[in-house]
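Listed here are the chains, written in short residue letters.
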Amino acid sequence: MKHSEEQIIKKAKQIIKDLDGQFYFEDCTDGALFEENEKIGYGKLKDEILPCWTVFVKTIFDNSDHLFISDETGEPLYYHNFNMILFEVAKDKEGKYYKIESI
């Protein structure tokens, strides 16, 4: 494990703020879970097995979104909202994160 839960939560908050700034609040996460051999189900790395963090993101009506972050790079892999819509997450030249079309 290259990153601690604390580091991943801090990174997740930065990503969430970039993705959903108007809805961001400081207590927006509800923990993180590390999986040594996570099979990536979506995006560019589909079907690869990687060490990965799943961050639980608080949303309206007690729902939870999931932000998947690579333990290797500390960068987001994809975002899965409670409506089952999946988004890849990318970073622009200024280092700000944004969602790419649903996958």
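Structural data are supplied above this passage.
Note that this is a predicted model, so its numbers are computed, not measured.

Another aspect to go through is helix α1 (residues 5-19). Every α-helix winds through 3.6 residues per turn, so residues three or four apart in the chain are directed the same way. Between the first and last C-alpha of α1 there are 20 Å, a value that for 15 residues agrees with the 21 Å anticipated at 1.5 Å per step. Every buried residue of α1 is listed here: I8, I9, K11, A12, K13, I15, I16 and L19.

Turning our attention to the pattern of salt bridges. As enumerated under the stated definition, the model contains six salt bridges in all. K11 is the salt-bridge partner of E75, the closest N and O atoms lying 3.2 Å from each other. Of this pair, E75 sits in the loop between β3 (64-70) and β4 (76-80) while K11 sits in helix α1, placing them 64 residues apart in sequence. Look at K11 and you get buried, because its relative accessible area is 18%. Salt-bridge contacts for D47 lead to K39; the nearest nitrogen and oxygen are separated by 4.0 Å. Each of K11, E75 and K91 takes part in a single network of salt bridges with overlapping partners.

Moving on, we come to the environment of I40. For I40, the position within the fold is in the loop between β1 (29-39) and β2 (49-58). Judged by its relative accessible area of 1%, I40 is buried. Among residues more than four places away in sequence, those in contact with I40 are L45, K46, D47, E48, L50, C52, L77 and Y78.

This brings us to the pairing of β3. The buried fraction of β3 is high, at five of seven residues. Where β2 and β3 come together, seven bridges link them in antiparallel fashion. In the sheet register, W53 faces β3, and the bridge partner there is I69. Two successive antiparallel strands, β2 and β3, enclose a turn made up of five residues, where F61 displays a positive phi of approximately 55°. Relative to β4, β3 runs antiparallel, the two being bridged by four bridges.

The rules behind the values
- Residues numbered from 1 in each chain as written.
- Predicted model: local features only at pLDDT ≥ 70, side-chain atom pairs only at ≥ 80, totals over all residues.
- Heavy atoms only, no water.
- Helix = DSSP H or I, 4+ residues; strand = E, 2+ residues; numbered from the N terminus.
- Expected span 1.5 Å × (residues − 1).
- Buried < 20%, exposed > 50% of the residue type's maximum accessible area, 1.4 Å probe, protein only.
- Salt bridge = Lys/Arg side-chain N within 4 Å of Asp/Glu carboxyl O.
- Contact = heavy atoms within 4.5 Å.
- Pairing = 2+ DSSP bridges.

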